[in-house]
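Secondary and tertiary structure notes
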Amino acid sequence: MARVSIDVNGRQEAREVTPRTLLVEFLRDHLGLTGTHVGCDTTQCGCCIVLVDGKSVNSCTMLAVQANGASVTTIEGLAEGDKLHPMQAAFRAHHALQCGFCTPGFVMSALDLVQRKKNPSEADIRYWLLGNMCRCTGYQNIIAAIKAGAAAMAQDG
Amino acid sequence: MHDFNYHEPTTLAEAAAILRAARDGAFIAGGMSLIPALKQRRVRPSDLVDLRLIDGLNFIRRDAGALVIGAMTRHEEVADSALVRGAIPDLARLVGEMADPSVRNRATIGGSIAHGDPAADYAPALLALGATVVTTERTITADAFFTGAFSTALRKGEIIKAVSFPIADAAAYVKFANTASRYAVVGVFVARRAGAVRLAVTGAKAKVFRIGQMEAALERSFAPDAVNDIAIAPWGLTADIHGTAEYRAHLIGVMAQRAVAAAARQRRS
């Protein structure tokens, strides 16, 4: 067993884990944060994407022990009470989700993009989303949502 | 995955000692190759030795005529680096087209080359640029480093510290990527430096390899036409669900021409 202490959505979480516990298992099963999903389990679909120290990672392909001491942000960490994060609000306004299974991964992935490029172009967004797969929407509305979400975040300063 | 003991050493010496003492240990860098292998039970090490807490392995520098990249430098940093883009632009582009952003945030150059995937993208860059791998024990030339499928010249407990890339006059990489995995079905990296040409192919055999015949032709004339008549034999090439050996043989010719065309367009002032 190993002891990990990880800041998750601003809260220090210390737990005993087996070394082979994946970060996604730690979040979902140990902490009950089930907004992060396991889609392909083979590092391709992006449904498991969270931010670790501000950068998007596939939590299905990271061990919890590798995140020891790090700061993790999941989809649950974005809204402030009932107030949606601008990126979440944009996904809702632009109908960028249907079943919603891939959505947390897309939102977290988009947040990493926007911190690097405050005003990403469509080409930037399409390039960045190569690691996120959606079976429902056809991507069009997701791209529009990310463009709008980025603009809203830039306005908020 | 199977269970294992996990170690977080803070120095290279400590890491090497732990690995050597383990029954069947493995180093872990970003984990983008190793963790999928663990999940599929393709490997079952007794011990995992994590390199993440060791200082001094994460850097990009320019030393005289070479670009030196620390072994734990993440792909995303290399792809975004102004230093890399200025020195060897197609190296930055190559790395920026590996996998996807979230994988690139974790994957490292050291981990990538140590893993030795026959379809990896860094390997042909090392081979074509004539790079050197600096380890805890010695320096290894790219020609000697890649020895087979998932196999390298690294000895047990030997750890990569950095890779040094001589800066080429012109260098380009073109790959025909598998649409899902983004690995190269075939990729060709060509580089020219002081008149000498090196051309390396990935995805087509158990390990990266050079094509001497194409290199010689390109030294006489550095243009896509120079390799037009060089037919690649399918014998010994990889055949799998992504392509036959004959298809790969054909792709090598096409990718080589495109890489040369791209490199020929580059001007060095």
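Remember, predicted model here, so these are calculated numbers, not experimental data.

**Focus on the overall build of chain B**
On a plain count of helices and strands, chain B comes out with 11 helices and 14 strands. Rg of the C-alpha trace for chain B: 18 Å, near the compact-globule value of 18 Å for 269 residues, within the 12% margin. Looking at chain B alone, contacts between residues at least 24 apart form 61% of all its contacts between residues at least 6 apart.

**Let's talk about the interface of chain B and chain A**
If you look at the interface, chain B gives 20 residues, while chain A gives 24 residues. Contributions of two or more residues to the side of chain B that touches chain A are made by strand S1 (5–7), helix H2 (34–39), strand S3 (47–50) and helix H6 (101–104) of chain B. Per-class residue counts for the side of chain B that touches chain A are 10 nonpolar, four polar and six charged.

**A short note on the pairing of strand S3 (residues 49–52) of chain A**
Residues and elements named next belong to chain A. Residue alternation in S3 divides its side chains into two sets, Ile49 and Leu51 and Val50 and Val52, and both sets are buried. Pairing analysis gives four bridges linking S3 to strand S4 (residues 55–58), with the strands arranged antiparallel. The partner of valine 52 across the bridge, within S4, is lysine 55. The antiparallel pairing of S3 with S4 creates a hairpin that spans two residues between the two strands, and aspartate 53 there sits at a positive phi of about 50 degrees.

**Topic: the domain arrangement of chain A**
Residues and elements named next belong to chain A. We note that the domain assignment places domain 1 (2–77) and domain 2 (86–156) within chain A. Between domain 1 and domain 2, the residue contacts involve 15 residues of the former and 13 residues of the latter. Going through the elements one at a time, S3 and S4 are the ones with two or more residues in the side of domain 1 that touches domain 2. Among the elements that line the side of domain 1 that touches domain 2, the one with the most residues is S3, at three residues. Residues of the side of domain 1 that touches domain 2, tallied by class, amount to seven nonpolar, seven polar and one charged.

Conventions we followed
- Counting restarts for each chain: residues are numbered from 1 in the order of the written sequence.
- Each chain takes a letter, starting from A, and each ligand takes a number, starting from 1, following the order in which they are written.
- Reporting of local features is limited, given that this is a predicted model, to residues whose pLDDT is at least 70; pairs of side-chain atoms are given and counted only at 80 or more, and all residues count toward the totals for whole chains, interfaces and linings.
- For the purposes of this entry, the term helix denotes a DSSP run of H or I that reaches at least four residues, the term strand denotes a run of E that reaches at least two, and both are numbered from the N terminus.
- A radius of gyration in this sense is built from C-alpha atoms; the matching globule rule multiplies 2.2 Å by the number of residues raised to 0.38.
- We call two residues in contact whenever the C-beta atoms placed from their backbones are within 7 Å.
- Classification convention: Asp, Glu, Lys, Arg as charged; Ala, Val, Leu, Ile, Met, Phe, Trp, Tyr, Cys, Pro as nonpolar; all other residues, Gly among them, as polar.
- Partly exposed residues are those falling between the two cut-offs: more than 12 but fewer than 20 other C-beta atoms within 10 Å of their own, whereas 20 or more means buried and 12 or fewer means exposed, with C-beta atoms placed from the backbone.
- Pairing between two strands requires that DSSP report at least two bridges joining them.
- These domain limits were set by an automatic method or by a database of domain assignments.

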